[in-house]
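# Chains, contacts and geometry: an overview
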Amino acid sequence: QQLCCGFIYDENKEPITIGSCEKIKYLKEILEDHSEEKMIIFCKYTHEIDLLKASLKNYKILIYDGRSDDKDWLRFTKSNKYDILITQIKKGGTGLNLQCASTVIFFSLSYSYIDLSQAKDRVHRNGQKNKVSIYYLLGKDTIEENIFRVLKRKQSGAKEILDDYRKSSRTT
(Lines give C-alpha, C1' and ligand atoms only; values in the text may rest on other atoms or scores of the structure.)
Protein backbone atom coordinates (compact mmCIF):
# COMPACT_ATOMS: atom_id res chain seq x y z
CA GLN A 1 0.00 0.00 0.00
CA GLN A 2 2.88 2.37 0.75
CA LEU A 3 4.41 1.74 -2.68
CA CYS A 4 1.14 2.80 -4.32
CA CYS A 5 1.50 6.12 -2.52
CA GLY A 6 5.08 6.75 -3.66
CA PHE A 7 7.19 5.60 -0.74
CA ILE A 8 8.08 2.72 1.54
CA TYR A 9 9.33 2.56 5.12
CA ASP A 10 12.71 0.90 5.62
CA GLU A 11 13.63 -1.45 8.49
CA ASN A 12 14.30 1.59 10.72
CA LYS A 13 10.82 3.00 9.99
CA GLU A 14 12.32 5.79 7.88
CA PRO A 15 10.40 6.68 4.71
CA ILE A 16 12.09 6.27 1.34
CA THR A 17 10.46 8.14 -1.53
CA ILE A 18 10.24 6.05 -4.69
CA GLY A 19 10.20 8.04 -7.92
CA SER A 20 7.04 9.84 -8.87
CA CYS A 21 3.59 8.79 -7.74
CA GLU A 22 0.98 8.43 -10.50
CA LYS A 23 -1.78 9.01 -7.98
CA ILE A 24 -0.58 12.60 -7.51
CA LYS A 25 -1.13 13.23 -11.23
CA TYR A 26 -4.75 12.05 -10.94
CA LEU A 27 -5.20 13.96 -7.70
CA LYS A 28 -4.18 17.19 -9.44
CA GLU A 29 -6.80 16.55 -12.14
CA ILE A 30 -9.50 16.21 -9.49
CA LEU A 31 -8.28 19.35 -7.74
CA GLU A 32 -8.49 21.29 -11.01
CA ASP A 33 -12.01 19.98 -11.72
CA HIS A 34 -13.17 21.10 -8.26
CA SER A 35 -11.11 24.28 -7.91
CA GLU A 36 -14.09 26.34 -6.74
CA GLU A 37 -14.78 24.06 -3.77
CA LYS A 38 -13.18 23.29 -0.44
CA MET A 39 -11.75 19.78 -0.41
CA ILE A 40 -10.51 17.22 2.07
CA ILE A 41 -7.80 14.71 1.22
CA PHE A 42 -7.59 11.74 3.57
CA CYS A 43 -4.34 9.79 3.90
CA LYS A 44 -3.26 6.86 6.01
CA TYR A 45 0.42 7.75 6.47
CA THR A 46 2.10 10.98 7.59
CA HIS A 47 4.75 10.60 4.91
CA GLU A 48 2.01 10.71 2.27
CA ILE A 49 0.94 14.03 3.72
CA ASP A 50 4.51 15.29 3.43
CA LEU A 51 4.68 14.13 -0.21
CA LEU A 52 1.37 15.81 -1.02
CA LYS A 53 2.41 19.03 0.67
CA ALA A 54 5.57 19.12 -1.43
CA SER A 55 3.68 18.25 -4.64
CA LEU A 56 0.80 20.68 -4.17
CA LYS A 57 2.71 23.89 -3.39
CA ASN A 58 0.44 25.99 -5.64
CA TYR A 59 -2.62 25.23 -3.52
CA LYS A 60 -3.81 26.75 -0.27
CA ILE A 61 -3.39 23.74 2.02
CA LEU A 62 -3.87 23.17 5.72
CA ILE A 63 -2.27 20.03 7.17
CA TYR A 64 -4.07 18.34 10.05
CA ASP A 65 -2.34 15.20 11.28
CA GLY A 66 -0.90 13.70 14.44
CA ARG A 67 1.67 16.50 14.55
CA SER A 68 -1.02 19.23 14.59
CA ASP A 69 -2.77 20.99 17.43
CA ASP A 70 -6.22 19.50 18.03
CA LYS A 71 -8.00 22.74 17.06
CA ASP A 72 -6.03 23.48 13.84
CA TRP A 73 -8.86 22.11 11.68
CA LEU A 74 -11.03 25.06 12.72
CA ARG A 75 -8.86 27.35 10.58
CA PHE A 76 -9.99 25.36 7.54
CA THR A 77 -13.68 25.72 8.38
CA LYS A 78 -13.66 29.36 9.46
CA SER A 79 -11.38 30.92 6.87
CA ASN A 80 -11.09 31.29 3.11
CA LYS A 81 -7.32 31.15 3.51
CA TYR A 82 -7.35 27.37 2.86
CA ASP A 83 -8.99 25.42 0.02
CA ILE A 84 -7.69 21.97 0.89
CA LEU A 85 -7.41 20.11 4.18
CA ILE A 86 -4.98 17.19 4.08
CA THR A 87 -5.47 14.93 7.05
CA GLN A 88 -4.98 11.43 8.30
CA ILE A 89 -8.06 9.22 8.33
CA LYS A 90 -7.66 8.61 12.08
CA LYS A 91 -7.00 12.25 13.02
CA GLY A 92 -9.48 14.07 10.78
CA GLY A 93 -12.00 11.31 10.32
CA THR A 94 -13.87 11.49 13.62
CA GLY A 95 -15.52 14.19 15.66
CA LEU A 96 -15.05 17.06 13.20
CA ASN A 97 -17.67 19.08 11.34
CA LEU A 98 -16.25 19.69 7.89
CA GLN A 99 -19.42 20.43 5.95
CA CYS A 100 -17.72 23.52 4.50
CA ALA A 101 -16.11 21.06 2.05
CA SER A 102 -17.94 19.31 -0.74
CA THR A 103 -15.19 17.12 -2.21
CA VAL A 104 -13.59 14.23 -0.34
CA ILE A 105 -10.59 12.39 -1.75
CA PHE A 106 -9.13 9.24 -0.25
CA PHE A 107 -5.49 9.19 -1.33
CA SER A 108 -5.08 5.95 0.61
CA LEU A 109 -7.45 3.76 2.60
CA SER A 110 -7.67 2.53 6.14
CA TYR A 111 -8.33 -1.17 6.61
CA SER A 112 -11.32 -0.28 8.77
CA TYR A 113 -14.76 0.24 7.23
CA ILE A 114 -15.79 2.23 10.33
CA ASP A 115 -12.86 4.66 9.90
CA LEU A 116 -13.72 5.13 6.22
CA SER A 117 -17.39 5.67 6.96
CA GLN A 118 -16.65 8.14 9.75
CA ALA A 119 -14.27 10.07 7.51
CA LYS A 120 -16.93 10.45 4.79
CA ASP A 121 -19.46 11.52 7.42
CA ARG A 122 -17.32 14.54 8.37
CA VAL A 123 -18.65 16.27 5.25
CA HIS A 124 -22.18 14.81 5.35
CA ARG A 125 -23.23 16.84 8.40
CA ASN A 126 -26.13 19.12 9.27
CA GLY A 127 -25.58 22.34 7.38
CA GLN A 128 -24.17 20.73 4.23
CA LYS A 129 -25.71 22.69 1.38
CA ASN A 130 -23.82 21.21 -1.57
CA LYS A 131 -23.69 17.90 -3.38
CA VAL A 132 -20.75 15.93 -2.00
CA SER A 133 -18.30 14.20 -4.36
CA ILE A 134 -16.17 11.34 -3.02
CA TYR A 135 -13.12 9.96 -4.83
CA TYR A 136 -10.96 6.94 -4.08
CA LEU A 137 -7.51 6.95 -5.69
CA LEU A 138 -6.62 3.30 -6.13
CA GLY A 139 -3.68 1.80 -7.95
CA LYS A 140 -4.87 -0.56 -10.71
CA ASP A 141 -4.15 -4.24 -10.01
CA THR A 142 -2.68 -3.43 -6.58
CA ILE A 143 -3.38 -4.27 -2.96
CA GLU A 144 -5.46 -1.08 -2.86
CA GLU A 145 -8.12 -2.63 -5.08
CA ASN A 146 -8.25 -5.63 -2.75
CA ILE A 147 -8.57 -3.40 0.31
CA PHE A 148 -11.38 -1.46 -1.38
CA ARG A 149 -13.24 -4.69 -2.24
CA VAL A 150 -12.98 -5.86 1.38
CA LEU A 151 -14.22 -2.48 2.63
CA LYS A 152 -17.21 -2.67 0.27
CA ARG A 153 -18.02 -6.17 1.58
CA LYS A 154 -17.84 -4.86 5.14
CA GLN A 155 -20.16 -2.01 4.16
CA SER A 156 -22.62 -4.46 2.64
CA GLY A 157 -22.48 -6.67 5.75
CA ALA A 158 -23.07 -3.69 8.06
CA LYS A 159 -26.04 -2.58 5.96
CA GLU A 160 -27.51 -6.08 6.06
CA ILE A 161 -27.20 -6.25 9.85
CA LEU A 162 -28.82 -2.83 10.25
CA ASP A 163 -31.64 -3.74 7.88
CA ASP A 164 -32.31 -6.97 9.79
CA TYR A 165 -32.30 -5.06 13.08
CA ARG A 166 -34.75 -2.47 11.76
CA LYS A 167 -37.09 -5.20 10.48
CA SER A 168 -36.99 -7.11 13.76
CA SER A 169 -37.54 -4.00 15.89
CA ARG A 170 -40.71 -3.16 13.92
CA THR A 171 -42.22 -6.56 14.56
CA THR A 172 -41.65 -6.60 18.31
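Residues numbered from 1 in each chain as written. Predicted model: local features only at pLDDT ≥ 70, side-chain atom pairs only at ≥ 80, totals over all residues. Heavy atoms only, no water.

Take the sheet that holds strand E6 (residues 103-106) next. What the 5 strands build is an open sheet, ordered E4-E5-E3-E6-E7; its pairing is parallel. Of all strands in the sheet, those with a lone pairing partner are strand E4 (61-64) and strand E7 (133-136), marking the two edges. Here the strands of the sheet are splayed against their neighbours by 15 degrees on average, with no regard to which way each runs. Where E4 meets strand E5 (residues 84-88), 4 bridges bridge the pair, whose relative direction is parallel. Residue Tyr-64 lies in a different strand from E5, and its bridge partner there is Thr-87. Each of strand E3 (39-43), E4 and E5 is contacted by helix H2 (residues 46-55), which is oriented at about 160 degrees to E5, the strand it contacts most. (Pairing = 2+ DSSP bridges. Helix = DSSP H or I, 4+ residues; strand = E, 2+ residues; numbered from the N terminus. Axes fitted to C-alpha atoms, helices over the stretch in contact; angles between N-to-C directions. Contact = heavy atoms within 4.5 Å.)

Assignment of secondary structure puts Ser-117 in helix H5 (residues 113-121). Residue classification places Ser-117 among the buried residues on the basis of a relative accessible area of 18%. (Buried < 20%, exposed > 50% of the residue type's maximum accessible area, 1.4 Å probe, protein only.)

Let us look at the side chain of His-34. Residue placement: His-34 occurs in the loop between helix H1 (22-33) and E3. For His-34, the side chain forms a polar contact with the side chain of Tyr-135, separated by 2.6 Å. Excluding its chain neighbours within four sequence positions, the residues that come into contact with His-34 are Met-39, Thr-103, Ser-133 and Tyr-135. (Polar contact = N/O pair within 3.5 Å; in protein donor to acceptor, adjacent residues only side chain to side chain.)

Within E3, 5 of the 5 residues are buried, which leaves it mostly tucked inside the rest of the structure. Residue alternation in E3 divides its side chains into two sets, Met-39, Ile-41 and Cys-43 and Ile-40 and Phe-42, and both sets are buried. Bridge count between E3 and E5: 5 bridges; the pairing is parallel. Within E5, the residue paired with Cys-43 across the bridge is Gln-88. When E3 meets E6, the two strands line up parallel, connected through 4 bridges. Among the inter-strand pairings, Met-39 is bridged to a residue of E6, identified as Thr-103.

Geometry only, nothing functional implied.
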